[in-house]
Amino acid sequence: FDFGWGQGTHGGTHGGGGPSTPTTTSADSDSVRSNGGGVSGSHKIGRRAFVVLDKTVTQSTLESLFRDTCEGVVQVELKTDGESGRSRGFAYVTFDAPARVNEACERLNGRELPEGSGVRCKVMPALDREPRRTPERSGSNKRRSNGNGNGNGNGNGN
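Note that the structure is predicted; figures quoted are calculated from it, not measured.

Enquirer: Help me out: how do you make sense of the pairing of strand β3 (residues 73–80) in this one?
Expert: A regular strand carries its side chains on alternate faces of the sheet. Pairing analysis gives six bridges linking β3 to strand β4 (residues 87–95), with the strands arranged antiparallel. Bridge assignment links E77 to a residue of β4, and that residue is Y92. In this structure, the hairpin formed by β3 and β4 is closed by a connection of six residues, where G85 is found at a positive phi of approximately 80°.

Now the structure itself:
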């Protein structure tokens with residue numbers, strides 16, 4: 001189904017629709033794991049929705065919106081900065097079934113949030129994470145210390 005990506009609301013700009021066209025938010029691309037509106041490669045859609053939203057939206061507001069509007073909400077996770085505790089501008093919502101994710105996307109994608117702000121959120125199916133591989137470390141990659149604290153490993157202390 002269409003998420004409306006080509007309708008000028010991407011990237012926080014007004015798409016030529018006039019001053020009344022609400023804008024969308026963006027999140028750091030390195031912290032975002034969504035399907036961008038479609039499925040590619042070996043990724044499959046699971047039971048989670050990915051939500052891009054304004055950084056002023058609180059956990060309680062987001063949770064109320066999803067629980068009041070959608071069925072089967074299991075968990076709402078607003079992602080926050082570890083140091084400041086402020087919103088990072090995205091969230092994951094877990095549902096009891098994959099079909100509920102699609103329903104949430106249809107109902108809430110493009111919704112103005114917070115209400116009256118002129119900022120529209122994006123709601124899309126999240127990609128299931130692939131297991132991360134831990135790089136194997138061989139003995140040759142480790143720095144050896146010679147005991148003098150400089151870590152050069154040549155053993156002569158220089």
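Enquirer: Would you take a moment to explain the nonpolar core for this structure?
Expert: Counting 21 residues, the largest nonpolar core has L53, L62, F66, F95 and V123 as the members making the most contacts within it. Elements with a minimum of two residues in this core: β2 (45–52), α1 (59–69), β3, β4 and α2 (98–108). Element by element, the count of residues in this core is highest for α2, at four residues. Setting aside residues no more than four positions away along its own chain, F95 makes contact with R47, A49, F66, C70, E71, G72, V73, V74, R100, V101 and A104.

Enquirer: Whenever I open this one, the pattern of salt bridges confuses me. Can you help?
Expert: Opposite charge on two side chains allows them to pair when their charged atoms are near. The final tally for this structure, using the stated rule, is five salt bridges. A salt bridge links E71 to R100; its shortest N-O distance comes to 3.1 Å. In this pair, E71 is assigned in the loop between α1 and β3 and R100 in helix α2, connecting sequence segments 29 residues apart. Residue E71 is classed as partly exposed on the basis of its relative accessible area of 47%. Using a relative accessible area of 24% as the deciding quantity, one classes R100 as partly exposed. Note that D96 is salt-bridged to R100, the shortest N-O span being 3.2 Å. Overall, D96 belongs to the partly exposed group, its relative accessible area being 40%. Among the charged side chains, a network of salt bridges with common partners joins R48, E77 and K79.

Enquirer: What am I meant to see in the confidence of the model for the protein chain here?
Expert: As a general rule, the predicted coordinates of low-pLDDT regions are not to be interpreted in detail. On average, the protein chain scores 73 in pLDDT, and the residues at 70 or more come to 54%. Taken together, the stretch residues 1–42 has pLDDT below 50 and engages in 77 contacts with residues farther than four places along the chain or on a different chain.

Enquirer: Would you mind showing me how to read α1 here?
Expert: It helps to recall that an α-helix has 3.6 residues per turn; residues three or four apart then point in one direction. Turning to α1, its buried residues number three or more, namely L62, L65 and F66. The arc that holds the buried residues of α1, viewed along the axis, is 90°, so those residues lie on one side.

Enquirer: What am I meant to see in the packing of α1 against α2 here?
Expert: Angle between the axes and distance between the axes: these two values describe a pair of packed helices. α2 packs onto α1 with a crossing angle of 110° between their chain directions and a minimal axis gap of 11 Å. With respect to their mutual orientation, α1 and α2 come out roughly perpendicular. In this structure, α1 contributes L65, F66 and T69 to the contact, and α2 contributes A104, R107 and L108. Grouping the constituent residues of the contact of α1 with α2 by class yields four nonpolar, one polar and one charged.

Enquirer: Would you take a moment to explain α2 for this structure?
Expert: When α2 is considered as a whole, its buried residues turn out to be V101, A104, C105 and L108. Axial view of α2: buried residues confined to an arc of 100°, hence all on one face. Backbone geometry just after α2 places G110 at a positive phi near 90°.

How each quantity is defined
- Residues numbered from 1 in each chain as written.
- Predicted model: local features only at pLDDT ≥ 70, side-chain atom pairs only at ≥ 80, totals over all residues.
- Heavy atoms only, no water.
- Pairing = 2+ DSSP bridges.
- Helix = DSSP H or I, 4+ residues; strand = E, 2+ residues; numbered from the N terminus.
- Core = buried A, V, L, I, M, F, W, Y, C linked by side-chain atoms within 4.5 Å.
- Buried < 20%, exposed > 50% of the residue type's maximum accessible area, 1.4 Å probe, protein only.
- Contact = heavy atoms within 4.5 Å.
- Salt bridge = Lys/Arg side-chain N within 4 Å of Asp/Glu carboxyl O.
- pLDDT = per-residue confidence, 0-100.
- Arc of directions from axis to C-beta.
- Axes fitted to C-alpha atoms, helices over the stretch in contact; angles between N-to-C directions.
- Parallel < 35°, antiparallel > 145°, perpendicular 65-115°, else oblique.
- Nonpolar A, V, L, I, M, F, W, Y, C, P; charged D, E, K, R; others polar.

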